[in-house]
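Summary of structural features
Here are the chains, one letter per residue:
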Amino acid sequence: MTAVERHPPIVESAVRAVVWASEDETRAFAAQLASHPAIAQAFIELHGELGAGKTTVVRHLLRALGVQGRIKSPTYAVVEPYEVEGLAIWHFDFYRFTDPREWEDAGFRDIFAGPGLKLAEWAQNAAGLLPPADLVVRIDMQPDGSRHVALKAQTPLGRELLQ
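Presented here is an overview of the structure given in this document. Note that the structure is a prediction, hence the values are computed from the model and not measured.

Details of the overall build of the protein
In terms of helices and strands, the protein carries 6 helices and 7 strands. Counting helices and strands in the order they occur from the N terminus, the protein gives α-β-α-β-α-β-β-α-α-β-β-β-α. Taken over C-alpha atoms, the radius of gyration comes to 16 Å for the protein, in line with the 15 Å a tight globule of 163 residues would show. For the C-alpha atoms alone, the extent of the protein along its principal axes is close to 50 × 40 × 30 Å. Taken across its 163 residues, the protein has 45% of its residues classed as buried.

Pasting the structure below:
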């Protein structure tokens, strides 16, 4: 056994690939993710083309966490806040984000520095401003309607979420 095998890096990424053949499988994934206590402090990025199912995953996750009422896509507002049983949740959609000054003006730095669950779609549009995500979810649509999903844990908290 080499030294690297005996002493793995403190922060290494873990990758898992799954296929969601139906929305029920997406819902089941979200419920499983919501069951982890670590979710309360996680930052999760969701990547994929328009229509891949990023917002659907977020909606199922928020429902599994107990969010009631309408769950809106923050495409135009950039962020939608939620609170459930003392858990602060922010759902970001950076699709239309183009001005880095908006980051400071909107108080996003404070949100990401504070406690709570942060979910970000189109995070690449805010590259350089966001902290590293604990978990990156990449969703690719397939011709048969299924979704190929790559789950990449980038922190110890992210690895815990994948267990």
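Right, picking up where we left off after that structure.
Topic: the nonpolar core
With 32 residues, the main nonpolar core has Ile 44, Ile 89, Leu 117 and Leu 119 as its most contacted residues. Setting aside anything within four residues of it in sequence, one finds Leu 117 in contact with Ile 39, Ala 40, Ala 42, Ile 44, Leu 61, Leu 65, Leu 87, Ala 88, Ile 89 and Trp 90. Phe 43, Ala 88, Trp 103 and Ala 126 belong to the second largest nonpolar core, which has 19 residues in total.

Calculation rules
Residues numbered from 1 in each chain as written. Predicted model: local features only at pLDDT ≥ 70, side-chain atom pairs only at ≥ 80, totals over all residues. Heavy atoms only, no water. Helix = DSSP H or I, 4+ residues; strand = E, 2+ residues; numbered from the N terminus. Rg over C-alpha atoms; globule rule 2.2 N^0.38 Å. Buried < 20%, exposed > 50% of the residue type's maximum accessible area, 1.4 Å probe, protein only. Core = buried A, V, L, I, M, F, W, Y, C linked by side-chain atoms within 4.5 Å. Contact = heavy atoms within 4.5 Å.

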